[in-house]
Amino acid sequence: MGLSFAGCAAATSGYEQPPPPPPPSIAVLVAPPTANIRTGDSLAFTAAVSGTTNTAVTWSVNGTAGGSPTLGTISMNGSYTSPAVLPSPNTISVRATSAASSSASGASNVSLLNPTPILSGITPTSVAAGNFTLTVTGSKFVNGAQVLLGAAPLQTTFNSATQLTANGVANSAGTFAVSVSNPDPGSSSSSNVNLQVTGSTQPSACGSMVPGQGASLGGFLPFPANSLWNTDISTAPVDPKSSAIINFIGGTTGIHADFGAGQYQGSTIGIPYLIVGSQQPPVTINFTAYGSESDPGPMPIPLTAPIEGFPNPGDQHVVVLDNSNCFLYELFGSAVSGNSWNAGAAAIWDLLSNEQRPYTWTSADAAGLPIFPGLVRYDEVSAGQVQHAFRFTLRNSSPAFTPPASHWASTSGGASAAPMGMRMRLKASFDVSGFSAANQVILKALKKYGMIMADNGSNMYLSGTPDGRWDNNDLHNLGLVTTSDFEVIRMTPLYTQNNVPSGTAPQINSFTASANSVAAGTPVTLSWQTTGASYVIVSPAIGAIRTTTVSVSPAQTTTYTLYATNAFGRAMAAVTISVH
């Protein structure tokens, strides 16, 4: 009989040993699961290992055992020390891996923040009212750190992690808090050091300006030497988008001198200006459009002041400089109304300081800039030297601005449209020798100081003042210089609706009258103290003022309002004097 083994094989299968159980699972939990830490600081992490008796772990930062100087280091016991300089990106991962099983690990995400600055001192500790420069010392300063006078930002230069230089202006005597703020991520501020300001600002520098329409400034240069208007940008880096912006404008578009002698279609050619003196009384300003973003009157603007383009419609700018108090007054959309002015917008500029409009506020110009310092003036050109940038317009602008601008008025969503405040420089290689002496002065200034986009308008229109001494045919030769002969200066910072700076508006600590009820015509002293104000205005009757007191003699019951303004907004306070 034959034998079959198939049945036996099937029978023995029931006696095989079962497979061994799987090894125990191992889990690693790292605490804290998320963390924030400032550069240069330390933070302890702990690892909880379960599923094994071997609780040892190894530590890594972004996959590097023990970390690195760039990302921070971590010790065997989980003590993490962040790097001295903020990396990019500023988020890293701290991981603990089980020694029992390399597949078991746990991680913590860590956001690295800029350090909190430490302010040790300022030099000098006392300055006279007016322009000043401070050397600020301490530690943990980072590039982009901002020195603040009260809440007002000063023009700050980063020298090192232990030293900053700050330039500013003090409009009145008093004791002011100076601090340092490091930028995001993790923006934070130092403690305060006091700056003592003595005396009062003397605007004698403006005394050289000659009263009259289109008159000479007598060598006076509006705004401090370190103003962005007066900055030599001949060696400044070119913006990465320069070529794209030039092509967007149109490389063959020539410069057009939007100024000259005589009239065009019944209007003077250019933006006129007038210099007045202490004899000019203040005049009321009524607003028809942008009053909430305007400086209130009164302003020493005579009703006979020249209006741009009058009587034809247009921007109708009015520009007046006062040689007695050194303020610049500018109106947009202007028209005389009885004994006052109607205006769409108005701005007052302290000619002795680097004042800035509040962020996102307009001025008499779309970019939130002063108009006058950017004009091509005959008195400068004929003297053979211009020491400031020029104002110009483009047809299309983006919803963004770069300093010194504070406002956008977008006409285009194009990626290569220019932001307000964009500065263009005539290339150093451009040969100016074939132009007239007058045009060479203009072109050399375009190489050294450039031109700043200030408004929407015709492409490459260069702003200047009307003057009968201009040679219109010669100015027309500037059209041989085209957009492709320029380059765009690096635009940093660049502000959009997503990153407009925020800060503290001025504070009015007190605003009082020496008497609140008087007979008509009785002198009363108004007094005030502010913190963080770039400039102040008292309305009605007074206007822009640098001191902290003023005498008024109301003829009827009057409410006086104090306006204090800086780059982050405006504060107001009022006091009423009853007349009996």
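The structure contained in this document is the topic of the report that follows. Remember, it's a predicted structure, so these values are computed and weren't measured experimentally. (Residues numbered from 1 in each chain as written. Predicted model: local features only at pLDDT ≥ 70, side-chain atom pairs only at ≥ 80, totals over all residues. Heavy atoms only, no water.)

**A look at the overall build of the protein chain**
What counts, and what does not: A run of H or I in DSSP becomes a helix once it reaches four residues, and a run of E becomes a strand once it reaches two; helices and strands are each numbered from the N terminus. As defined in this context, the radius of gyration uses C-alpha atoms, and a globule is described by 2.2 Å times the residue total to the power 0.38. Any residue under 20% of the maximum accessible area for its type is buried, any over 50% is exposed, and the rest in between are partly exposed; the area is computed with a 1.4 Å probe on protein chains only. We call two residues contacting when some pair of their heavy atoms lies within 4.5 Å. For the accessible areas, the method is Shrake-Rupley and the probe is 1.4 Å, while residue cover comes only from the protein chains on display. In this count, Lys and Arg are taken as positive residues and Asp and Glu as negative ones, while His and the chain termini are left out. Working definition for charges: the position is that of NZ of Lys, CZ of Arg, CG of Asp or CD of Glu.
For the protein chain, the count of helices and strands is 5 helices and 47 strands. Taking 2.2 N^0.38 as the reference for a compact globule, 580 residues should give roughly 25 Å; the C-alpha atoms of the protein chain span a radius of gyration of 33 Å, well beyond that estimate. The dimensions of the protein chain, computed from C-alpha atoms along their principal axes, are 135 × 65 × 45 Å. Counting all 580 residues of the protein chain, 49% fall into the buried class. The long-range fraction of contacts in the protein chain, counting pairs at least 24 apart against all pairs at least 6 apart in sequence, stands at 66%. Element-wise, carbon and sulfur atoms account for 52% of the exposed surface of the protein chain, whose accessible area totals about 25100 Å². Measuring between centres, the 18 positive side-chain charges of the protein chain sit 6 Å from its 24 negative side-chain charges.

**What about the state of the cysteines?**
The condition that has to hold: Only a pair of cysteine sulfur atoms within 2.5 Å counts as a disulfide in this structure description.
With the rule as written, the count across this model stands at 1 disulfide. Disulfide pairing places Cys206 opposite Cys326 at an S-S distance of 1.5 Å. Between Cys206 and Cys326 the sulfur-sulfur dihedral comes to about 60°; the bridge is accordingly right-handed. Here Cys206, found in the loop between β21 (193-198) and β22 (212-213), pairs with Cys326, found in the loop between β28 (318-322) and β29 (327-332); they are 120 residues apart in sequence, far enough to count as distant. A relative accessible area of 0% means that Cys326 is categorised as buried.

**Side note on the nonpolar core**
The cut-off we apply is this: Only buried Ala, Val, Leu, Ile, Met, Phe, Trp, Tyr and Cys residues count toward a nonpolar core, and they belong to the same one when joined by side-chain atoms within 4.5 Å.
With 71 residues, the main nonpolar core has Met424, Ile442 and Phe486 as its most contacted residues. Considering each element in turn, this core owes the most residues, 5 residues, to helix α4 (residues 437-448). The residues touching Met424, leaving out its near neighbours within four places in the chain, are Ile246, Ile249, Phe392, Gly450, Met451, Met460, Thr483, Phe486, Glu487 and Val488.

**Details of the pattern of salt bridges**
Rules: Salt bridge, as used here, is a side-chain nitrogen of Lys or Arg placed within 4 Å of a carboxyl oxygen of Asp or Glu.
Throughout the structure, instances matching the rule amount to 9 salt bridges. One salt bridge in this structure joins Asp295 and Arg570, with 2.6 Å as the shortest N-O distance. Here Arg570 lies in strand β47 (residues 569-579) and Asp295 lies in the loop between β27 (285-287) and β28, a separation of 275 residues in the sequence. Look at Asp295 and you get buried, because its relative accessible area is 0%. Linking Asp455 and Arg391 is a salt bridge whose minimum nitrogen-to-oxygen distance equals 3.5 Å. One end of the pair, Asp455, is in strand β37 (residues 451-456); the other, Arg391, is in strand β33 (residues 390-394), with 64 residues separating them in the sequence. Taken together, the shared-partner salt bridges connect Asp295, Arg357 and Arg570 into one network.

**Examining the side chain of Asp455**
Note the threshold: Two N or O atoms count as a polar contact when they lie within 3.5 Å, although within protein this holds only if one can serve as hydrogen donor and the other as acceptor, and sequence-adjacent residues are included solely when both atoms are side-chain atoms.
By relative accessible area, which is 11% here, Asp455 ends up buried. Within the local environment of Asp455, its side chain forms a polar contact with the side chain of Arg391, the two groups lying 3.5 Å apart.

**What about the layout of surface pockets?**
Our working rule: The method works on a 1 Å grid over the protein atoms by themselves. A cavity is a set of points holding a 1.4 Å probe that cannot get out, a pocket is an open set with protein on both sides within 12 Å along at least five of seven lines, and residues with an atom within 4 Å of a point line them. Grid points are joined across faces, edges and corners, and a volume is the space filled by probe spheres set on the points. Three residue categories are used. Nonpolar comprises Ala, Val, Leu, Ile, Met, Phe, Trp, Tyr, Cys and Pro, charged comprises Asp, Glu, Lys and Arg, and polar comprises the others, including Gly.
Of the pockets and cavities examined, the second largest pocket occupies roughly 820 Å³. Surrounding the second largest pocket, 33 residues form its lining, Asp258, Ile269, Gly270, Glu308 and Tyr461 being those nearest its centre. Listed by contribution, the elements that provide at least two residues to the lining of the second largest pocket are β23 (256-258), β25 (267-268), β33, β37, β38 (461-463) and α5 (472-476). Residue classes in the lining of the second largest pocket are distributed as 9 nonpolar, 19 polar and 5 charged.

**Quick notes on the packing of aromatic side chains**
Put simply, the rule reads: Two rings from Phe, Tyr or Trp (for Trp, the six-membered ring) form a pair when their centres sit within 6.5 Å of each other. Planes less than 30 degrees apart are called stacked, planes more than 60 degrees apart edge-to-face, and all others tilted.
Here the structure, examined in full by the defined rule, presents 12 aromatic pairs. Residues Phe327 and Tyr329 carry aromatic rings whose centres are separated by 6.5 Å and whose planes lie at 50° to one another, so their mutual orientation is tilted. Owing to a relative accessible area of 2%, Phe327 belongs among the buried residues under this scheme. Taken together through their ring pairs, the aromatic side chains of Tyr359, Phe401, Trp408, Tyr495 and Phe568 make up a single cluster.

**Looking at the side chain of Ser539**
Along the chain, Ser539 falls in strand β43 (residues 535-539). Polar contacts involving the side chain of Ser539 include one to the main-chain carbonyl oxygen of Gly297, which spans 2.8 Å. Excluding residues within four positions of it along the chain, Ser539 makes contact with Gly297, Pro298, Thr559, Tyr560, Thr561 and Tyr563.

**Things to note about unusual backbone geometry**
The omega torsion across Ala31 and Pro32 is -5°, close enough to zero to call that bond cis. Among the structural elements, Pro32 can be located in the loop between β1 (27-31) and β2 (34-38). Note the cis peptide between Thr492 and Pro493, where omega equals -5°. Not every positive phi belongs to a glycine, and Lys140 is a case in point at roughly 65°. What makes Lys140 partly exposed here is its relative accessible area of 36%.

**Here we look at the sheet that holds strand β46 (residues 558-566)**
Quick note on the threshold: Strands qualify as paired when DSSP identifies two bridges or more between them.
Ordered in space as β41-β47-β46-β43-β44, the 5 strands form an open sheet in which the pairing is mixed. Every other strand in the sheet has two partners, leaving β41 (517-518) and β44 (543-545) as the edge strands with one partner each. The sheet contact formed by β46 and β47 spans 9 bridges and is antiparallel. Across the sheet, the residue bridging to Leu562 is Ala573, located in β47.

**So, the pairing of strand β19 (residues 174-182)**
For a regular strand, the rule is simple: side chains alternate between the two faces of the sheet. Most of β19 is tucked away: 7 of the 9 residues are buried. Strand direction decides the pairing type here: strand β15 (residues 146-149) and β19, joined by 4 bridges, are antiparallel. Bridged to Val147 within β19 is Val180. Pairing between β19 and β21: 5 bridges, direction antiparallel. Pairing of Thr175 across the sheet is with Gln196, part of β21. Bridge count between β19 and strand β20 (residues 188-189): 2 bridges; the pairing is antiparallel. Counted as the bridge partner of Ser181 is Ser189 from β20. Connecting β19 to the antiparallel partner β20 that follows it, the hairpin turn spans 5 residues, and Gly186 within it adopts a positive phi of roughly 80°.

Note that every value here comes from positions in space, so none of it alone points to a role or purpose.
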